[in-house]
Structures are given as C-alpha cells and as structure tokens.
There are 2 protein chains.
Amino acid sequence: MTEATPQQPQKILVVSAHPEPRSLNAVLTAFAVEHLRAAGHEVQVSDLYAMKWKATVDADDFPDHAADRRLQVMAASERATLAGRLAPEIAAEQEKVRWADAVILQFPLWWFSVPAILKGWMDRVFTSGFGYGPAVPPPYSEGALAGRRALVSVTVGARESAFSDRGIHGRLTDVLHPVQHGLFWFTGMTPLEPFAVYGANDLPEEQLAAAKREFGRRLDGLFTDASVPFRALDGGDYGRDMRLLPGVEAPGTSGLDLHLRTDADAGPDTGIRPDAPARPRG
Amino acid sequence: MTEATPQQPQKILVVSAHPEPRSLNAVLTAFAVEHLRAAGHEVQVSDLYAMKWKATVDADDFPDHAADRRLQVMAASERATLAGRLAPEIAAEQEKVRWADAVILQFPLWWFSVPAILKGWMDRVFTSGFGYGPAVPPPYSEGALAGRRALVSVTVGARESAFSDRGIHGRLTDVLHPVQHGLFWFTGMTPLEPFAVYGANDLPEEQLAAAKREFGRRLDGLFTDASVPFRALDGGDYGRDMRLLPGVEAPGTSGLDLHLRTDADAGPDTGIRPDAPARPRG
C-alpha cells in the first residue's frame, strides 16, 4: 500500500473532523495513519467527533475560575495554563501537540473554513501560555511551538478552478490564511502547502485512488518538502508597528502575498484536479 | 443615548458569540439592540452562548436521517431543508434570517476567525436549500438570501497596525474573507465593511465611548452606507470555470482584491484605532 522512502521515525498527530466514520475524510485519515505507520513513524489521532470534543470555550475550561467572576478568556486561559489547571481534555490535547513533530489537520471545507468542532479544538487547545502570550516566545519567529511541521489536508466540494489564483472563491491559500499563517505560523509551527481534494462530494473511484497516491507523496515529504515561506516577525522585514517595511516586497506584490519571502521557491503541488460543480461544502 | 437619523423601520437580527455576559461583546450587543430599537427598528437577538447553541453538525440535525446510513452532510441537509424536517433550533434560526432585512454578527476574533460557537451557527443554519445549493438561486449573484445587508462587528485584541494593509496578521478584510465573501456574499447578502474595535483586551473607558459612537454611526448607516463592492458571478467578469476573465482587473491588482469591482468607491471607515499590544484574541 505504501511506497514511503526511508525517513527518520517521527511523531505525528492527526486531528480529524468529520461526523461520518465512512466519509472521505475518515478514509483519508485512515490512509494517513496507515501510510505514516508503515514508514516507521509514531502516530496519534484526535478524532474530534468520536471524542465528542466540546467545541465552545467557556468557564468550564478553567476549573479554578470563580463562577461569579467576569470571564476574561485570555487572562483565564493563561492563568489556568501556567498553573496546570486546564480542563483535562484540553491538557491532553496540548500534551499531544507538544509530543508531535508534525500536526496534520484533516477536515472538509465548510463555509470556506474549518468545521466548528475543529475551530473549537483551536480555540480551546491553543491557550495563552501554550500557543501564544507573554509567557512564551514571540509569535511568527521562534514561536511557542517551533520545530513542528503542520499540514492541512482538506476536502473541497467545489472544483479547483474556483479556488485558483483568479477563482471567485479566492485562492485556497488565501482562504486558509487564518489557519496557515494565523494558527500555524503565529504559534511557531512550519506550515506546508495545503493538500486539497476537490470535487469531494462525488469523487469517482479512480480520482480517490489518485488522491491517495498524491496524499502519500505529501506525507512522505512531510519533513522534507519546502514549507510556505512566510516572513518572520524578527527577520528585519517588519517595523515595530508589525507592518512590513517599505520596499521589502517585490514590485507589484500586494495583499496576503506581502507576507511571503521572495528569496524562496514555491512549495510543492497542492492536490488533485477533478472538475465538479462548485459547492461550498467538501 | 442614540442620535440615529430617521430611517424606514427595518428588521434586524443580531447574532452574538461570547461566553461572558459582562464582556465587551455583550456591551456592544446591548448597545446595538438599544440603538437600533431607539431608531424604530425591530430587533431579534441570537445570543449563542445563552441559547447553549450546539456548535457541531451531526446526524441529530436531520431527524429523518436513518442512523445506519452514511451521513453525507450536504445531501442530508438539503433533503431535511426541502422537507421542512431540520432540527427545530436550526429551523428557528433560518426563520430569523429570512425575517431579517439585515444580519449583524458580534464576536471576538479568536484565532483570526469567528469563535467555534458562531462557526457552528454558520455550519448548521446555512444548509443546502437555504443558503446555497441547487434548489436556490446561484451564488454571488441574486443569491438565496439576496436583499439582506450584513455587518461584522468584531473585537480584536491586537492593535490595528498589525491588521492594516501591510500588517503582519494580514489586512482585516482579507482575514475575514471567509465570512464577508464566503458566507455573506456567497449566499446573496450584501456585506458592509467590518466594524472593528482593536486593543479590546484592555480598552480604556474613553476608547469604549469612542467605539460606541462609531458603532452608532455604522448602525445608522446599516441600510445606506456603501457596501463592499464584490463582483457578481453573473456580471460578465467571470468565465464558466468561475475564474476572473483576463484583463478585467485594474493593472497591478492581485490576490483577494481581484474580486472587488473597480467602478465603486471604497466603503466607510472600519473602526477605532487604539494602540495596544498585539494579541490573537479579542
């Protein structure tokens, strides 16, 4: 099944977010786990629906928070994190992220973003004192979670052209900016180009096979493929106001591309390309 | 308290997403409701935490779905929507959106996006057959929910410069693209420029007062301010592959700006500008 090239064994966390155990997302999650284990890696899986993961941040996340006191989420999460007093299921997920050399998020694109249950994993696990905040290194640089690679594997109902550079939905990397740059890069992780399966609502068998082959290649390159060349905050490109300094970018660059280094090659190919009707759900 | 200019009475839905009833978001929600009612409008509020809104899409959303059958989310949501057989709390929210002439989303920016509970409102309420899909008009054009204005009101922990055109977090409008263009515009609603309060973790009293004054102006302009000039899918700008046709854009335009009309003025000012330490939570 696998044709992985020999690699140093690594530790990988796969976070999966689909309610249906027979879904394409479940198939891709199982494929990733099997492929990575066959290559000698250690794998843990957080199957958020199977875990009945609570999606919403609330006072129950912070057992020491007094019920009559105003909940200031960042302050409460930082206090609980530094005191080792987070809800146990949050602490357990933080331990998995700390353990991991790479994190893979497997999800369907719902409303141009992650499903709520996965957003709730981000909101609750990446507390102040763990993923960001005054108690850890500054963002976009060494970062709290530096040294970990991060890969989005996303199923998309729409056809790829609608997510291409001139596609009406916006370029997939721009649509995923809050995850790629906002969560991964902000916390110090090293994001790869997303892996996407388009036309996912009705994927013919031979395109599923092609998607698995391509996903296998991306998994084989998890620790060796070129990463997205986002700029570091402390690399001399940004001023103290966190704005890109004048003239740093290549002429004609604008929008989110401002935050890509121009001294690096683009990453690898991003997925397979069936042509199916555009739909907002994957 | 209010200085609203006389308007035609309209119907407005405010969706609010913060766990703390004494939070800045709760203050802004209450301010909006009072301000809009004082101007003669009808207002409904969906306070998602107070409603204990279930954030996750699952088979319980579709009571007729057979437990042993594979859950294909888009197909199941479309069947249930067209049959009038969605879970009652979803149908109730759809009724509020249908009723509304404008929808306001009030939320803190968590991990560069909406809190999970609000993402779950989007995931569950905007079903196929209601917000998109073959049973309703095509997206980005007349759209299923055409005729409704849509306003994001967001609190942001970071300072504004980090979300400015050259700011390291990305321009706020680009970070919010999945909501502004992906949810609102896709479903036919008319998005306004977001209203943002920066430095929200520790907002001095006089900046809160300034924020309320500015929010009041934005609420007064809810039905009259210029909207974001996104391009329509059927306006002749896009090909059948849903890509922008060559040469449609102004020279030098790239990224998400490709999808803005160039024949329109920019929208109004987007918020207030205190200067506070950058933090990812609002």
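An unreviewed UniProt entry annotates chain A as NAD(P)H dehydrogenase (Quinone) of Streptomyces nigrescens. The record held by UniProt for chain A lists under Sequence similarities (unreviewed entry) the comment "Belongs to the NAD(P)H dehydrogenase (quinone) family."

Asker: For the UniProt feature "domain: Flavodoxin-like fold" (unreviewed entry) in chain A, give the residues involved together with the corresponding values.
Answerer: The positions that UniProt labels "domain: Flavodoxin-like fold" (unreviewed entry) are, in the present scheme, residues 11–218 of chain A. The span residues 11–218 of chain A carries 36% helix and 15% strand; its end-to-end C-alpha distance comes to 16 Å.

Asker: Explain the pattern of salt bridges to me, and be specific about the residues and the numbers.
Answerer: Side-chain pairing between opposite charges can occur once the charged atoms of the two side chains come close. Under the defined criterion, the tally for this structure stands at 32 salt bridges over all chains. The partner of Asp61 of chain A in a salt bridge is Arg124 of chain A, with the nearest N and O atoms 3.0 Å apart. Linking Asp61 of chain A in the loop between β2 (42–47) and α2 (73–82) with Arg124 of chain A in helix α4 (residues 116–125), this pair joins segments that are 63 residues apart in sequence. Among the residues examined, Arg124 of chain A registers a relative accessible area of 1% and is labelled buried. Here Arg85 of chain B makes a salt bridge to Asp64 of chain B, at a shortest N to O gap of 2.7 Å. Taken as a pair, Arg85 of chain B in the loop between α2 (73–82) and α3 (88–99) and Asp64 of chain B in the loop between β2 (42–47) and α2 lie far apart in primary sequence, 21 residues in all.

Asker: Kindly report on the packing of helix α3 (residues 88–99) of chain A against α4 of chain A, identifying the contributing residues and their values.
Answerer: All names here are of chain A. Viewed as axis vectors pointing N to C, α3 and α4 meet at an angle of 90°, and their least axial separation amounts to 10 Å. Between α3 and α4, the interaxial angle falls into the category roughly perpendicular. Here Glu89, Ile90, Glu93, Gln94 and Val97 of α3 come into contact with α4, specifically with Trp121, Arg124 and Val125. Residue composition of the contact of α3 with α4, grouped by class: 4 nonpolar, 1 polar and 3 charged.

Asker: Break down unusual backbone geometry for me, citing the residues and quoting the values.
Answerer: In this structure, Phe112 of chain B is a non-glycine residue whose phi angle is positive, near 60°. Of note in the backbone geometry, Tyr140 of chain B takes a positive phi value of approximately 60° without being a glycine.

Asker: Outline the relation of the copies chain A and chain B, listing residues and values.
Answerer: By a simple turn and slide, chain A fits onto chain B: the slide is 0.0 Å along the axis, the RMSD is 0.0 Å, and the turn is 180°. Such values leave the two copies arranged in the relation of a two-fold axis. Ranked by how close their C-alpha atoms come to the rotation axis, the residues of chain A are headed by Ala116 of chain A, at 2.4 Å. By residue overlap, the copies meet face to face through one surface: 100% of the interface positions of chain A are interface positions in chain B.

Asker: Tell me about the environment of Gln180 of chain B, and please be specific about residues and values.
Answerer: All names here are of chain B. Position of Gln180 relative to the elements: it lies in helix α6 (residues 177–185). Its relative accessible area of 3% is what places Gln180 among the buried residues. Linking Gln180 and Ile168, residues 12 residues apart in sequence, is a C-alpha distance of 20 Å. Sequence-distant contacts of Gln180, defined by excluding residues within four places in its chain, comprise Val152, Trp185, Pro191, Leu192, Glu193, Pro194, Val228 and Phe230.

Asker: Give me the nonpolar core: which residues, what numbers.
Answerer: If you look at the biggest cluster of nonpolar residues, it comprises 124 residues, and the most contacted ones within it are Trp121 of chain A together with Trp121 of chain B. Discounting chain neighbours no more than four positions away, the residues touching Trp121 of chain B are Leu13, Val15, Leu48, Trp53, Glu93, Val97, Val103, Leu105 and Phe126 of chain B. Of all hydrophobic cores here, the second largest spans 23 residues; its members include Val14, Phe31, Val33 and Ala200 of chain A.

Asker: So what's going on with the layout of surface pockets? Residues and values would help.
Answerer: One water molecule sets the probe size; rolling that probe over the atoms shows where empty space is left. Volume-wise, the largest pocket comes out at about 660 Å³. For the largest pocket, the lining is made up of 31 residues, of which Trp53 and Lys54 of chain A together with Lys54, Ala55 and Thr56 of chain B are closest to its centre. Class assignment of the residues belonging to the lining of the largest pocket gives a composition of 18 nonpolar, 3 polar and 10 charged.

Asker: Mind laying out the side chain of Asp123 of chain A, listing which residues take part and the relevant values?
Answerer: Locating Asp123 of chain A in the fold gives a position in helix α4. Of the polar contacts made by the side chain of Asp123 of chain A, one reaches the side chain of Lys119 of chain A; its length is 2.5 Å.

Asker: Lay out the side chain of Asp61 of chain A with the relevant residues and their values.
Answerer: According to the relative accessible area criterion, Asp61 of chain A is buried, its value standing at 1%. A polar side-chain atom of Asp61 of chain A sits 2.8 Å from a polar atom in the side chain of Lys54 of chain A.

Asker: Please provide a residue-by-residue account of the pairing of β2 of chain B, values included.
Answerer: Residue and element names in this part refer to chain B. In the sheet, strand β1 (residues 11–16) pairs with β2 via 6 bridges, with the strands oriented parallel. For Leu13, the partnering residue across the bridge sits in β2 and is Gln44. In this region the chain leaves β1, passes through helix α1 (residues 24–38) and returns to the parallel neighbour β2; the handedness of that crossover is right-handed.

Asker: Please set out the packing of aromatic side chains residue by residue, giving values where relevant.
Answerer: With the rule as written, the count across this model stands at 28 aromatic pairs over all chains. Ring centres of Tyr140 of chain B and Phe186 of chain B lie 5.1 Å apart, and the angle between their planes is 85°; this geometry places the pair in the edge-to-face category. Placement of the pair is Tyr140 of chain B in the loop between α4 (116–125) and β4 (149–155) and Phe186 of chain B in the loop between α6 and β5 (190–191), with a sequence separation of 46 residues. Residue classification places Tyr140 of chain B among the buried residues on the basis of a relative accessible area of 0%. One aromatic cluster is present, built from ring pairs that chain together Trp111, Phe112, Phe163 and Tyr198 of chain A together with Trp121, Phe126, Phe130, Tyr132, Tyr140 and Phe186 of chain B.

What counts and how
- Residues numbered from 1 in each chain as written.
- Chains lettered and ligands numbered in written order.
- Predicted model: local features only at pLDDT ≥ 70, side-chain atom pairs only at ≥ 80, totals over all residues.
- Heavy atoms only, no water.
- UniProt positions renumbered as here; feature names shortened; annotations may be inferred.
- Helix = DSSP H or I, 4+ residues; strand = E, 2+ residues; numbered from the N terminus.
- Salt bridge = Lys/Arg side-chain N within 4 Å of Asp/Glu carboxyl O.
- Buried < 20%, exposed > 50% of the residue type's maximum accessible area, 1.4 Å probe, protein only.
- Axes fitted to C-alpha atoms, helices over the stretch in contact; angles between N-to-C directions.
- Parallel < 35°, antiparallel > 145°, perpendicular 65-115°, else oblique.
- Contact = heavy atoms within 4.5 Å.
- Nonpolar A, V, L, I, M, F, W, Y, C, P; charged D, E, K, R; others polar.
- Least-squares fit on C-alpha atoms with pLDDT ≥ 70 in both.
- Core = buried A, V, L, I, M, F, W, Y, C linked by side-chain atoms within 4.5 Å.
- 1 Å grid on protein atoms, 1.4 Å probe; cavity = no way out; pocket = protein on both sides within 12 Å on 5 of 7 lines; lining within 4 Å.
- Points joined across faces, edges and corners; volume = space filled by probe spheres on them.
- Polar contact = N/O pair within 3.5 Å; in protein donor to acceptor, adjacent residues only side chain to side chain.
- Pairing = 2+ DSSP bridges.
- Right-handed = clockwise from strand over helix to strand, strands pointing away.
- Phe/Tyr/Trp six-rings, centres within 6.5 Å; stacked < 30°, edge-to-face > 60°.

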